[in-house]
Amino acid sequence: MNTDAPGIFTGLRGAVGAFNAILLEHAEAIVAGAEQAGLPVILQISQNAVRYHGSLDPFGAACLSMAGAASVPVLVHLDHIEDETLVHQGLALGIRSIMFDAASSAYEENVTRTRAVTERCHAAGCWVEAELGEIGGKDGAHAPGVRTDPAEAAAFVAATGVDSLAVAVGSSHAMAGRDAVLDDDLIGRLAGAVPVPLVLHGSSGVPDDGVRRAVGRGIRKVNVGTRLNQVLTGAVRATLAERESLTDPRRYLSPGRDRMRDEVARLVQLLAGA
Ligand code: G3H
Ligand code: ZN
């Protein structure tokens, strides 16, 4: 069933898993994994994924449709949207949760752009996540040194009116390994200072124990992208290595989709129990 962001966060124990879908197979696996675990999930579409498909619709519409047919609450969310035009397209499609990312802008410009988007989204009944303290690595670089300052984060939320905040606490996007070391003390201080749910990005690079501790300190949404791609690609490689003559994509994508489903189920359970 489709749900809105307040529905996902109200009464949440632990944290909710938010997984990036690039292909329909990701979206199917995310919904199936959540159903397997019997837990809510966030299915997110990044601006980069929209650019890959060439437009938000029809992929976005397919995700909303899958969410609507699910037996557990599924929130379809737009992730790392830097282009205001895409925010408007998402609202027009019926998406009611958007991360607007102006974190690479200077602080004042981040505030101005985020506040304008937030007003527009709130008028449409849409939840807004923003980012402060740019979490590196969207182009593959590992930049774990960046940190969000708690006082600045509280001021940013007050100035923009956002509903949740992505914070830089030691993770980085698109890490191949799982050796990121999070600043647990900073997460606790941010949770004490910021009155909205905190979001961990770049979670694929964080080991399970690190994720558990982060949730224990106050992280409420955990974004996972790279991990599903690793699982999918690994299964496809293994299948094709075993049967080189395969050409029907259903034969080599199915094992990848199954592995992604199982990883989603494992992670949402870990997050709920953390
Ligand atoms: O917004 C998406 C996430 O932060 C994904 O990061 O690909 O490093 O797991 P990841
Ligand atoms: Zn991210």
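Residues numbered from 1 in each chain as written. Chains lettered and ligands numbered in written order. Predicted model: local features only at pLDDT ≥ 70, side-chain atom pairs only at ≥ 80, totals over all residues. Heavy atoms only, no water.

Novice: Which residues make up the side chain of Glu263, and what values go with them?
Specialist: Structurally, Glu263 can be placed in helix α11 (residues 249-273). At 3.0 Å, the side chain of Glu263 and the side chain of Arg266 are in polar contact. (Helix = DSSP H or I, 4+ residues; strand = E, 2+ residues; numbered from the N terminus. Polar contact = N/O pair within 3.5 Å; in protein donor to acceptor, adjacent residues only side chain to side chain.)

Novice: Lay out the sheet that holds strand β6 (residues 164-167) with the relevant residues and their values.
Specialist: The strand order around the closed barrel formed by eight strands is β1-β2-β3-β4-β5-β6-β7-β8, and the pairing between neighbours is parallel. Averaged over neighbouring strand pairs, the angle between their axes works out to 25° when direction is ignored. Relative to strand β5 (residues 127-132), helix α6 (residues 107-123) is tilted by about 170°, and along the sheet it contacts β4 (97-100) and β5. (Pairing = 2+ DSSP bridges. Axes fitted to C-alpha atoms, helices over the stretch in contact; angles between N-to-C directions. Contact = heavy atoms within 4.5 Å.)

Novice: So what's going on with unusual backbone geometry? Residues and values would help.
Specialist: For residues other than glycine, phi is negative in most cases, and the peptide bonds are mostly trans. Asp57 connects to Pro58 through a cis peptide bond whose omega is 20°. Summarising the element assignment, Pro58 is placed in the loop between α3 (47-53) and α4 (59-69). Backbone geometry places His80, a non-glycine residue, at a positive phi of 50°. Relative to the assigned elements, His80 resides in strand β3 (residues 74-81). By relative accessible area, His80 is classed as buried at 9%. Not every positive phi belongs to a glycine, and Ala174 is a case in point at roughly 60°. Assignment of secondary structure puts Ala174 in the loop between β6 and α8 (184-193). (Buried < 20%, exposed > 50% of the residue type's maximum accessible area, 1.4 Å probe, protein only.)

Novice: Talk me through the UniProt feature "active site" (unreviewed entry) in the chain; I want residue IDs and the actual numbers.
Specialist: Within this numbering scheme, the UniProt entry marks Asp79 as carrying the feature "active site" (unreviewed entry). When you line up the elements, Asp79 lands in strand β3. Residue class for Asp79 comes out buried when judged on its relative accessible area of 3%. Here Asp79 is in contact with Asn20, Gln44, Ile45, Ser46, Gln47, Met99, His201 and Asn223, once residues within four sequence places are set aside. (UniProt positions renumbered as here; feature names shortened; annotations may be inferred.)

Novice: If you had to explain the nonpolar core to someone new, which residues and values would you point to?
Specialist: Of all hydrophobic cores here, the largest spans 76 residues; its most connected members are Phe19, Ile98 and Leu165. If you tally residues by element for this core, the top one is α11, at eight residues. Residues in contact with Phe19, not counting those within four places in the same chain, are Ile30, Val41, Ile42, Leu43, Gln44, Val224, Leu228, Val264, Leu267 and Val268. Core analysis: the next-biggest nonpolar cluster, separate from the first, contains eight residues, Ile8, Phe9, Ala18 and Ile42 among them. (Core = buried A, V, L, I, M, F, W, Y, C linked by side-chain atoms within 4.5 Å.)

Novice: If you had to explain the packing of aromatic side chains to someone new, which residues and values would you point to?
Specialist: Counted by the stated rule, this structure contains two aromatic pairs. Between Phe9 and Trp127, the aromatic rings sit 5.1 Å apart at their centres with planes inclined by 10°, giving stacked as the arrangement. One end of the pair, Phe9, is in helix α1 (residues 5-9); the other, Trp127, is in strand β5, and 118 residues separate them in sequence. (Phe/Tyr/Trp six-rings, centres within 6.5 Å; stacked < 30°, edge-to-face > 60°.)

Novice: So what's going on with the site of ligand 1? Which residues, and what values?
Specialist: As a structural note, the neighbourhood of ligand 1 is formed by 15 residues, with Asp79, Ala174, Gly202, Ser204 and Thr226 the closest of them. Taking His173, its side chain carries an N or O atom lying 3.0 Å from an oxygen atom of ligand 1. Between ligand 1 and the protein, one listed contact pairs an oxygen atom with a backbone N or O atom of Gly202 at 2.8 Å. Coverage of ligand 1 by the protein chains reaches 94% of its 300 Å² of free accessible surface. Contributing elements (two or more residues each) for the shell around ligand 1: β3 and β8 (219-224). Residues of the shell around ligand 1, tallied by class, amount to two nonpolar, twelve polar and one charged. (Near = heavy atom within 4 Å. Areas by Shrake-Rupley, 256 points an atom, 1.4 Å probe, with all protein chains shown as cover. Nonpolar A, V, L, I, M, F, W, Y, C, P; charged D, E, K, R; others polar.)

Novice: Hey, could you go over the pattern of salt bridges for me, with residue numbers and the actual values?
Specialist: What the rule picks out here adds up to 15 salt bridges. Residue Asp184 is joined to Arg213 by a salt bridge in which the shortest nitrogen-to-oxygen separation is 2.8 Å. Residue Asp184 is located in helix α8, and its partner Arg213 is located in helix α9 (residues 208-217); the two are separated by 29 residues in the primary sequence. Note on Asp184: relative accessible area 16%, which makes it buried. (Salt bridge = Lys/Arg side-chain N within 4 Å of Asp/Glu carboxyl O.)

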